[in-house]
Structures are given as structure tokens and as C-alpha cells.
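Structural characterization, general
Chain residues, written in single-letter form:
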There are 2 protein chains.
Amino acid sequence: MRKGEETRVRILDVAEAAVLSKGFGGTSIDELIAETGITKSGFFYHFHDKNELAKALLERYIENDNRIYDEIFGRARELMDDPLQSFLLGLKLLSELLADLPNGHPGCLVAVICVHERAFDREIQEINREAALTWRRRFRGMFEEIMAVYEPRVDLDVDQLADMVSTVIEGGIVISKALREPTGLAEQILVFRSFVKMLFKPK
Amino acid sequence: MRKGEETRVRILDVAEAAVLSKGFGGTSIDELIAETGITKSGFFYHFHDKNELAKALLERYIENDNRIYDEIFGRARELMDDPLQSFLLGLKLLSELLADLPNGHPGCLVAVICVHERAFDREIQEINREAALTWRRRFRGMFEEIMAVYEPRVDLDVDQLADMVSTVIEGGIVISKALREPTGLAEQILVFRSFVKMLFKPK
DNA sequence: CCGAAAACTGTACTGCCGGTACAGGAGGGA
DNA sequence: TCCCTCCTGTACCGGCAGTACAGTTTTCGG
């Protein structure tokens, strides 16, 4: 890795932690450069303004997020042949991963952007939208595979069902932060898992 | 209403809309006083700093939120004698109310505070926590009534089940904002409603 | 209708922050 | 050697939160 890339990554690491705990407006560039050990000029060499930082941060976050889902549901798919069992195992693994974080989920950047909505330009909102659509596609694919084998007890729209996964995760993050109960998110995922389990019966 | 109270409410109205669309950091006092038609001194006469504004905003939001839930689930309770049917009707009414908002849900202040977490003092975080606990108590009460009459097909923790309502609402707000699909939240509530319907069978 | 309190206005200032501008320097690779 | 990447240093601008405080108008009870 070139030295410039290294510095960039260090800035992004510091910025991500700060933004997730204080929001974008609450994170000052002065603070970031102090913690990174860089000068203001150095910062603006890497990111020409705060919006560019936001964009880089969001893109990196989404990439990482997708990698984690790939790993978890990929592993679940290897261990279980049945699509329903595999999905249920994936949710279990995800819940365990989140339960092991001592301070709970650090927060989702997609949600941060949603909350600050009008403070960012169209491009960032588009990246955010694409991230949510990627989640939808991922889980819709899984539910379609499940529905090829199992009959749902209730007729539900596949997209809406797929969005429910993201909904529970995002909502779980918010609620467990509000309650200051770090395990809340993992528990909510398991409640949702019970619902999914209940929804499908063999064809 | 005294004149001072009137001005205070006007400031809060303007501030709430601004904060929900741009976040706290993105909302400047100068902007608020311009839109309210008041001077800076006038603003600081009512709120001694931005934190006090946040507190007043949050308290008012929560109060209003609870009033809406009281109305909706109160009406549902009057129309249906059975606790499950009443709860399901409540969710339906809530979903319809939200589907009628042309731009979707304006955003939840509780979530805004969660995202900005470290930017606010302990007191505000405590108010936020109390709001989430109030939601939990409200829905737990309903589920307990339901469980007195119906047998759940799966054994679920009542608190976790109650939190699922808040989770779906908060998550639904985030996801429908990210997707820029205003009806998303209403749909997610209906998906959750299907799950609840499926969960209980007569004793 | 008077007086006091409430509800402001006006002005001037501080310090932080985002951002700009630009000159210059260290270090490494071709 | 020279250029390019990756910075540092300095100086500055305008916006914003917040302070201070003196003065003015509005309201409302007695």
C-alpha cells in the first residue's frame, strides 16, 4: 500500500468512529486531524471537502457491510443444503456475531445519512439508496429460493419480506441504542428469525 | 396561551422540521430565528442553549407520539373487544395513517438522538431511553392481554416482542427514507402485522 | 390606568469550525 | 537529477454557537 493510501485509511478509520458516535455535524475536521496526527492541509489533500469524506466513508462502510453478509450467509449456505435452514442459520450466526460486540453495534452509516438527509448531495443519497436496494436483492434472492421449496402460510410480497430484514436490523440498532441495551439488536434478529421459521411449511 | 408560549411553540415547530430533515448539527440557530422572525437575543431568551432546545423538542415530540398511539390503539380497543383483533386493527390504522402522509414519515427524533448519541448530555439520553421503555410497556401490556386469550405458536419473550413493534417502526422509517419509497414504513408495519396474526392461535 | 414583570431588540464581541489559497519541503522512484 | 506524491506552515475568510448586557416594548394583574 502506498503511503498516501495508508494515511487515507487512517483518516477514514478515525472519521468513521467519530461520525457513528456523534453524527456528521458533530464531527469536526480539526478533531479528525488531531487524532490522525496530520495537518489540516494534509486532510484537504486527501478529501477536498467534508462531503467527499462522507462519500468515501459511506462507500467503504457499505462495501464492508456486504462483505460481512457474504461471509455469514455464504458459510450458512455451505453448512446447510436447505435454503430455509441455511437462511435461519445465517440469521443465527449474524445474531451471535452482534451479541459478541461488547458495546453493541457501533451504528449504521446508512441510517446516519438518512437522518441527515438534506445535509448531503444527491450523489450520496443515491449511494445510500443503492445500498438499501442491494440488501433487498440479497434477501429477496434467499426468500425466492426458500419459496421454491416451502409454502408460506401467509401471502407476502417478496420485496417487502426482504426489506423486513433490513428494517429489523436498522430498527434494532436504533432501539438498542435508545434503551442502552447492547444485546437488543441480536435479540430482535432472533425474534424475526422465529417469525420466518413460523412462516414457511414444506410444500 | 401567553405570548411567550406562542413564540416558543413557533420556534419549536420550525426547529422540529429543520432537525428532522437536516439533523441537529445541520440546523443553525441563525436559520431558525430567520424563519421564526425573531432575533437571536429573543431565541436565547426562550432557550439558553441548543441543548435546551433539543430537550424541549424531544419532550414535545415524545408527548405527541404517545398521544397518537393512545388515540389509535384506544379507538381500536373501542371497536374490537378481542385483544388480538384490537391490536391488529391498531396496526392497520397506524399503517393507514402513515400511508396517507404524502412524503412519508418526517422522521423520528428518538432516532436522531440515537445517531448523534455522544453529542447530547446524559439527561437527553435518559429521556430517550424512557421513551423507548414507554413504548415497550405499552406494547407489552397489549401482548400480555393477547396471551391471556391466545396461545403463541412459538415461545417469545414478551419484552422482546413488544420491542419488535418499535424496531419495525424505527427501522421502517430508516429503510423507507433510504429507498425514498414513502409507503415503505406502512408496508413494513403490515408485514409485521401478518407475523403477529400468524403467531397467535386461540387457547 | 399604572407599574411591574415578561418578552423581547440591538449591538458588540469571542472562539470554533469549514474551507480557501498558496508556497514550500521531504522522500522516493525513473 | 528531476519530477511526482504527500504532505507542512501560515494566513486568511465567513458562518455559527454562545455571551453580555443595556435598552425597549408588550402584556397583564391590581
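Only a predicted model underlies this, so the values are computations on that prediction, with no experimental measurement involved. (Residues numbered from 1 in each chain as written. Chains lettered and ligands numbered in written order. Predicted model: local features only at pLDDT ≥ 70, side-chain atom pairs only at ≥ 80, totals over all residues. Heavy atoms only, no water.)

Next up on the list: the overall build of chain A. If you tally the helices and strands in chain A, you get 9 helices and 2 strands. In chain A, the succession of helices and strands from N to C terminus is α-α-α-α-α-α-α-β-α-α-β. C-alpha extents for chain A along the principal axes are approximately 65 × 35 × 30 Å. The buried share of chain A, reckoned over its 203 residues, is 55%. Considering only intrachain contacts with a sequence separation of at least 6, the fraction spanning at least 24 residues in chain A is 69%. Accessible surface, chain A as shown: approximately 9,300 Å² in total, 50% of it carbon and sulfur. Each charge sign in chain A was given a centre, from 27 positive and 34 negative side chains, and these centres are 1 Å apart. (Helix = DSSP H or I, 4+ residues; strand = E, 2+ residues; numbered from the N terminus. Buried < 20%, exposed > 50% of the residue type's maximum accessible area, 1.4 Å probe, protein only. Contact = heavy atoms within 4.5 Å. Areas by Shrake-Rupley, 256 points an atom, 1.4 Å probe, with all protein chains shown as cover. Lys, Arg positive; Asp, Glu negative; His and termini not counted. Charge placed at Lys NZ, Arg CZ, Asp CG, Glu CD.)

Let us look at the domain arrangement of chain A. Often, the extent of an interface is quoted as the loss of accessible area on bringing the components together. Residues and elements named next belong to chain A. Parsing chain A into structural domains produces domain 1 (1–48) and domain 2 (50–202). Carbon and sulfur atoms supply 68% of the area buried between domain 1 and domain 2, which totals about 1,500 Å² over both sides. Interface area lost by domain 1 to domain 2 is led by E16, L20 and F24, which between them contribute 47%. Across the domain 1-domain 2 interface, the total number found is 2 salt bridges. Here D13 and R60 are joined by a salt bridge, their closest N and O atoms 2.9 Å apart. Summed over the shared surface of domain 1 and domain 2, the result is 5 residue pairs in polar contact (both at pLDDT 80 or more). Where the side of domain 1 that touches domain 2 is concerned, the elements lending two or more residues are α1 (3–22), α2 (29–36) and α3 (40–46). Of the residues assigned to the side of domain 1 that touches domain 2, the class counts are 11 nonpolar, 5 polar and 3 charged. (Domains from an automatic or database assignment. Buried area = accessible area lost by both parts, 1.4 Å probe. Salt bridge = Lys/Arg side-chain N within 4 Å of Asp/Glu carboxyl O. Polar contact = N/O pair within 3.5 Å; in protein donor to acceptor, adjacent residues only side chain to side chain. Nonpolar A, V, L, I, M, F, W, Y, C, P; charged D, E, K, R; others polar.)

Residue and element names in this part refer to chain A. End to end, helix α5 (residues 83–99) covers 24 Å across 17 residues, agreeing with the expected 24 Å (1.5 Å per residue, within 8%). When you tally the buried positions in α5, you get 12 out of 17 residues, the bulk of the element. Those residues of α5 hidden inside the fold are in contact with α4 (50–79), α7 (122–149), β1 (150–152), α8 (158–179), α9 (184–199) and β2 (200–202). (Expected span 1.5 Å × (residues − 1).)

Side-chain pairs of opposite charge can arise whenever the charged atoms involved come near each other. Tallied over the entire structure, the rule returns 29 salt bridges over all chains. Two residues, D70 of chain A and R138 of chain A, come together in a salt bridge whose shortest N-O distance is 3.0 Å. One end of the pair, D70 of chain A, is in helix α4; the other, R138 of chain A, is in helix α7, with 68 residues separating them in the sequence. R138 of chain A sits in the buried class, given a relative accessible area of 18%. The residue E123 of chain B makes a salt bridge to K55 of chain B at a minimum N-O spacing of 2.9 Å. Of the two residues, E123 of chain B is situated in helix α7 (residues 122–149) and K55 of chain B in helix α4 (residues 50–79); the sequence distance between them amounts to 68 residues.

On to the protein's contact with DNA strand C, then. For DNA strand C, the set of nearby residues contains 18 residues, the closest of which are S28 and I29 of chain A together with T7, T39 and S41 of chain B. Taking I29 of chain A, its main chain carries an N or O atom lying 2.7 Å from a phosphate oxygen of DNA strand C. H46 of chain B is positioned with one of its side-chain polar atoms (N or O) 3.0 Å from a phosphate oxygen of DNA strand C. Listed by contribution, the elements that provide at least two residues to the surface near DNA strand C are α2 and α3 of chain A together with α1 (3–22) and α3 (40–46) of chain B. The element that contributes the greatest number of residues to the surface near DNA strand C is α3 of chain B, accounting for 4 residues. (Near = heavy atom within 4 Å.)

With that out of the way, let us pick up the protein's contact with DNA strand D. The environment of DNA strand D is made up of 20 residues, and the closest members are T7, T39 and S41 of chain A together with S28 and I29 of chain B. One nitrogen or oxygen atom from the side chain of T7 of chain A is found 2.7 Å from a phosphate oxygen belonging to DNA strand D. When contributions to the surface near DNA strand D are tallied by element, the ones reaching two or more residues are α1 and α3 of chain A together with α2 (29–36) and α3 of chain B. Counting residues per element, the surface near DNA strand D draws most heavily on α3 of chain A, at 4 residues. Considering only residue class, the surface near DNA strand D consists of 4 nonpolar, 9 polar and 7 charged.

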